[in-house]
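What follows is each chain in one-letter form.
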Amino acid sequence: MKSSDQIRILVTGGAGFLGSHLCERLLKEGHDVLCVDNFYTGTKRNIAHLLDQPYFELLRHDITFPLYVEVDEIYNLACPASPIHYQNNPVQTTKVNVHGSINMLGLAKRLKAKILQASTSEVYGDPSVHPQPENYWGNVNCIGPRSCYDEGKRCAETLFFDYHRQHRIRIKVARIFNTYGPNMHPDDGRVISNFILQALRNEPITIYGDGSQTRSFCYMDDMISGLIRLMNTPDDFTGPVNLGNPIELSILEVAKKIIAMTGSKSKISFKPLPADDPKQRQPLIDLAKEKLGWTPEVPLEKGLEKTISYFEDVLRKRN
Ligand code: NAD
Ligand code: UDP
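Our subject in this report is the structure included herewith. (Residues numbered from 1 in each chain as written. Chains lettered and ligands numbered in written order. Predicted model: local features only at pLDDT ≥ 70, side-chain atom pairs only at ≥ 80, totals over all residues. Heavy atoms only, no water.)

This next bit is on the packing of helix α5 (residues 191-200) against helix α9 (residues 300-318). Close contact between α5 and α9 brings their axes to 10 Å; oriented N to C, the two are set at 60°. Judged by the angle between their axes, α5 and α9 are oblique. In this structure, the crossing between α5 and α9 has a hand that is right-handed. Residues Ile192, Ser193, Ile196, Leu197 and Leu200 of α5 touch α9, and the partners they reach there are Leu304, Thr307, Ile308, Phe311, Glu312 and Leu315. Within the contact of α5 with α9, the residues separate by chemical class into eight nonpolar, two polar and one charged. (Axes fitted to C-alpha atoms, helices over the stretch in contact; angles between N-to-C directions. Helix = DSSP H or I, 4+ residues; strand = E, 2+ residues; numbered from the N terminus. Parallel < 35°, antiparallel > 145°, perpendicular 65-115°, else oblique. Left-handed = near helix turned anticlockwise from the far one by under 90°. Contact = heavy atoms within 4.5 Å. Nonpolar A, V, L, I, M, F, W, Y, C, P; charged D, E, K, R; others polar.)

Okay, here's the thing in structure tokens:
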């Protein structure tokens, strides 16, 4: 039965890591969810358990092409997120951020729907201000291997704010910092998935550079809560707002923690640092605390435990 407060929600990139958890949470909250994905980095496996739910619908579609559907809210998550994946077809990465955002904003305009953009800490580039507040404009190379993603996401933010100013579209912009958890693609090359799989296989843990670069890791449950809270803020709050866990670690510390937690025999192997790899990253989340009443709750050890057991399962099924 459709309840009176049930709304129709489109999640682009809904078969990906974050999108699949978002679809699941929105269904649990009683909404009618349309998941749109072209399965570039996402997989049906992530949402297979939702397919028989009456208020879940799956549409294979590439959002760089126009989409005509009827919904009340849009979460725009479609975009490969790991450096290996977004650099694999960099022109498509720019297209999904620019053409894809224009298509989704056009849809929001026609429907008078509210739309949330999954932006990124990468808009700050290799930051010279630390930790990063939302009013920092960033330090981004526009011609490097990460630029398709960084500049694509920056342009998407520009489009969101221009549609807001020009067409009065209700927008929400979340700047997501490194997030991890079950449903991450095992081959996406991101640090948490790489290190866990290497540790579980007792293979060398590949640290790029000397491991002194830092990141701040947020567990997916916290991130999904933050995104939903942001969507539900009053219309006069647009963001951009940082969402992430402010606890900062060096990559070497992450490697040691994962080796210890898995009881692995892996040794650390140092590899060259990729071009433009940010040296430090830590969100300031005062704005999220104030406007969303949000603060991450899942400690790193708890989140890693769940992620390790997810990847143990992935390996069991592969063998
Ligand atoms: P992901 O790669 O697992 O998910 C992205 C999804 O988008 C995939 O299912 C993919 O198939 C789909 N997709 C890609 N191009 C598409 C297109 N043209 N049309 C339709 N679908 C398309 O990545 P994720 O980690 O779940 O990230 C989700 C969003 O959050 C992305 O926009 C990403 O930039 C943003 N983000 C994530 C993180 C993080 O740490 N996970 C950090 C910052 C920002
Ligand atoms: N990294 C690493 N070994 C790996 C994968 C990543 O040392 O096997 C490093 C990477 O160089 C970066 C950090 O870990 O400094 C985070 O990388 P990730 O790709 O997860 O995210 P991003 O660089 O986009 O924050």
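Going through the model one piece at a time under the given rule, you end up with 21 salt bridges. Between lysine 28 and glutamate 24 there is a salt bridge whose closest N-O contact spans 3.4 Å. Taken together, the residues span about one helical turn, with lysine 28 and glutamate 24 both in helix α1 (residues 17-28) at a distance of four residues. A relative accessible area of 67% places lysine 28 in the exposed class. (Salt bridge = Lys/Arg side-chain N within 4 Å of Asp/Glu carboxyl O. Buried < 20%, exposed > 50% of the residue type's maximum accessible area, 1.4 Å probe, protein only.)

Before going further, it helps to spend a moment on the site of ligand 2. Taken together, 18 residues lie around ligand 2, and Thr206, Tyr208, Arg215, Asp277 and Arg281 are the ones closest in. Side-chain polar atom of aspartate 277 to an oxygen atom of ligand 2: 2.6 Å apart, as the coordinates give it. Notes on ligand 2: free accessible area 520 Å², of which the protein chains cover 95%. Put simply, the parts of the chain that give the shell around ligand 2 at least two residues each are α5 and β8 (205-208). For the shell around ligand 2, the residue count by class is seven nonpolar, five polar and six charged. (Near = heavy atom within 4 Å. Polar contact = N/O pair within 3.5 Å; in protein donor to acceptor, adjacent residues only side chain to side chain. Areas by Shrake-Rupley, 256 points an atom, 1.4 Å probe, with all protein chains shown as cover.)

Turning our attention to the packing of aromatic side chains. Here the structure, examined in full by the defined rule, presents five aromatic pairs. Aromatic pair tyrosine 86 and tyrosine 149: ring centres 4.3 Å apart, planes at 5°, arrangement stacked. Taken together, the residues tyrosine 86 in helix α2 (residues 83-88) and tyrosine 149 in helix α4 (residues 147-167) connect sequence positions 63 residues apart. Tyrosine 86 sits in the buried class, given a relative accessible area of 1%. By relative accessible area, which is 7% here, tyrosine 149 ends up buried. Between tyrosine 124 and phenylalanine 177, the ring centres sit 6.1 Å apart and the planes meet at 40°, which makes this aromatic pair tilted. (Phe/Tyr/Trp six-rings, centres within 6.5 Å; stacked < 30°, edge-to-face > 60°.)

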